[in-house]
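These are the residues of each chain, in order.
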Amino acid sequence: MPRWKELPTELPSSESQLLVQLRRLKDHSGLSLAALASRTSYSRSSWERYLNGKKPVPRKAVEELAQVCGTEPTRLVVLYEVAERARTEEAGRPDQPPREQDQEPEQQEEQEEQEQPRAAGRATRTVSLKWTLGAMALAVVVSFGGGLLVAGAWDDGAPAEKAAKTGAVAAGTGYLRGQTYTCDVQRKDGELRAAHSATHEMLLDINSTGFDVVEAQCLLREKGFSPGVFDGLYDERTKGAARRFQGAHHLVVDGIIGPDTWRELRR
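Note that this is a predicted model, so its numbers are computed, not measured. (Residues numbered from 1 in each chain as written. Predicted model: local features only at pLDDT ≥ 70, side-chain atom pairs only at ≥ 80, totals over all residues. Heavy atoms only, no water.)

Caption draft 1: Quick peek at the overall build of the protein. Counting secondary structure elements, the protein contains 13 helices and four strands. Burial status across the protein gives 40% buried among its 267 residues. Expressed as a percentage of contacts within the protein between residues at least 6 apart in sequence, the contacts between residues at least 24 apart total 52%. Total accessible area computed for the protein in this model is approximately 15100 Å², and 55% of it derives from carbon and sulfur atoms. (Helix = DSSP H or I, 4+ residues; strand = E, 2+ residues; numbered from the N terminus. Buried < 20%, exposed > 50% of the residue type's maximum accessible area, 1.4 Å probe, protein only. Contact = heavy atoms within 4.5 Å. Areas by Shrake-Rupley, 256 points an atom, 1.4 Å probe, with all protein chains shown as cover.)

Below, the structure written as structure tokens:
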């Protein structure tokens, strides 16, 4: 089965988690995108856009995918609602009208056709807005004269040493893809923590990114199953380490870190 494309880095963590689970469900079912199209209300191209993070997946599509794959949709619907809430909060308009993904498939197709003639006109305005926002962001960075990121990069230490951030600094600057983080695992309130995340439930699988992944990577190393990298990217090495850990602790060996695996990692 072909490997999935990497999800866009700008996707919120909650939406990435939803897509990881939908991809996993689709892969376990053995159904192709064409087969999904023939058994659901959505076309093959729509499924391709949804599962690759090009377009928000509708709730109805989540429910239909669960039904076609023979699984109970409740957990997936919860993930969908978390992702939808994050998108609404990011837009800053809680009272906004129904989003495109909540419309019926036929309405979506009709709207897409209506949108095409206006695309060229919107493109010019969109580019202009992006340049304006980009210039404003650059001005803010320059006016502050170097925040935490700049200070960390140009401090008078060895470059190799400055490449690794502590959990405290990382929490203040935000997760950086490609950055290597340090592991300072300590026992606090009766459980192991690496100072990157306090989660006990976040689902992690291939293409997951962020401080939750860094936390898992550090705890895996602490338990003797080091993934060899601590960069917040859940890749094959990290998944392999998770599988070995799960096998040694009599858990379901699927390489997916969920509540049961987190509980053992933090013991």
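Caption draft 2: Molecular detail of the packing of aromatic side chains. One pass over the full model with this rule turns up seven aromatic pairs. Judged by centre distance (6.0 Å) and plane angle (25°), the rings of Tyr175 and Tyr181 are stacked. Judged by centre distance (5.7 Å) and plane angle (80°), the ring pair of Tyr175 and Phe211 falls under edge-to-face. With Tyr175 in the loop between helix 10 (167-173) and strand 2 (180-181) and Phe211 in helix 11 (residues 211-222), this residue pair connects regions lying 36 residues apart in the sequence. Here the aromatic residues Tyr42, Trp47 and Tyr50 are joined through ring pairs into a cluster of three or more. Just above the ring of Phe230 sits the side chain of Arg221; from NZ or CZ to the centre is 5.2 Å. (Phe/Tyr/Trp six-rings, centres within 6.5 Å; stacked < 30°, edge-to-face > 60°. Lys NZ or Arg CZ within 6 Å of the ring centre and 35° of its normal.)

Caption draft 3: Up close: the pattern of salt bridges. Counted by the stated rule, this structure contains 15 salt bridges. Note that Arg193 is salt-bridged to Asp189, the shortest N-O span being 3.8 Å. In this structure Arg193 comes out as partly exposed when scored by relative accessible area, which is 24%. A relative accessible area of 66% means that Asp189 is categorised as exposed. One salt bridge in this structure joins Arg267 and Glu264, with 2.9 Å as the shortest N-O distance. Residue classification places Glu264 among the buried residues on the basis of a relative accessible area of 16%. (Salt bridge = Lys/Arg side-chain N within 4 Å of Asp/Glu carboxyl O.)

Caption draft 4: Quick look at helix 3 (residues 44-51). Along helix 3, the residues that are buried comprise Ser46, Trp47, Glu48, Tyr50 and Leu51. The positive-phi residue at the C-terminal boundary of helix 3 is Gly53, with phi of around 75°.

Caption draft 5: Quick peek at the nonpolar core. By size, the foremost hydrophobic cluster in this structure holds 26 residues, and its most contacted members are Leu18, Leu22, Trp47, Val57 and Leu65. Broken down by secondary-structure element, the contributors of at least two residues to this core are helix 1 (13-29), helix 2 (33-39), helix 3, helix 4 (59-68) and helix 5 (74-91). For this core, the leading source of residues is helix 1, giving five residues. If near-sequence neighbours (up to four positions away) are discounted, Leu18 is found in contact with Val57, Leu76, Leu79, Tyr80 and Ala83. If you look at the next biggest cluster of nonpolar residues, it comprises 23 residues, including Cys218, Ala241, Ala242 and Leu265. (Core = buried A, V, L, I, M, F, W, Y, C linked by side-chain atoms within 4.5 Å.)

Caption draft 6: The state of the cysteines, seen in detail. Scanning the entire structure with this criterion turns up one disulfide. Each sulfur in the disulfide pair Cys183 and Cys218 lies 2.0 Å from the other. Note on the Cys183 and Cys218 pair: the S-S dihedral is about -75°, so by sign convention the disulfide is left-handed. You can see Cys183 sitting in the loop between strand 2 and strand 3 (186-188) and its partner Cys218 sitting in helix 11, a full 35 residues away along the chain. In this structure, Cys183 and Cys218 share a single accessibility class: buried. (Disulfide = S-S within 2.5 Å.)

Caption draft 7: Broad picture of the confidence of the model for the protein. When pLDDT is averaged across the protein, the result is 76; 69% of the residues are at 70 or more. Here helix 8 (residues 148-154) stands out as the element of the protein with the lowest mean pLDDT, 34, in contrast to helix 12 (residues 236-248), whose mean of 96 is the highest. Considering only residues more than four positions removed or in separate chains, one finds that residues 94-107, a stretch of pLDDT under 50, has 26 contacts. Taken as a whole, residues 112-124 scores under 50 in pLDDT and shows four contacts with residues more than four places along the chain or in a different chain. (pLDDT = per-residue confidence, 0-100.)

Caption draft 8: Region of interest: the layout of surface pockets. Considered as a void within the structure, the largest pocket measures approximately 520 Å³ in volume. In terms of lining, the largest pocket is formed by 23 residues, of which the most central are Trp4, Asp27, Asp205, Ile206 and Lys239. At the level of secondary structure, the elements contributing two or more residues to the lining of the largest pocket comprise helix 1 and helix 12. When residues of the lining of the largest pocket are assigned to their parent elements, the largest contribution, five residues, is made by helix 1. (1 Å grid on protein atoms, 1.4 Å probe; cavity = no way out; pocket = protein on both sides within 12 Å on 5 of 7 lines; lining within 4 Å. Points joined across faces, edges and corners; volume = space filled by probe spheres on them.)

Caption draft 9: Spatial organisation of helix 4. For helix 4, the full list of buried residues reads Ala61, Val62, Glu64, Leu65 and Ala66. On its buried face, helix 4 sits against helix 1, helix 2, helix 3 and helix 5. Gly70 sits one or two positions beyond helix 4 and adopts a positive phi of about 70°.

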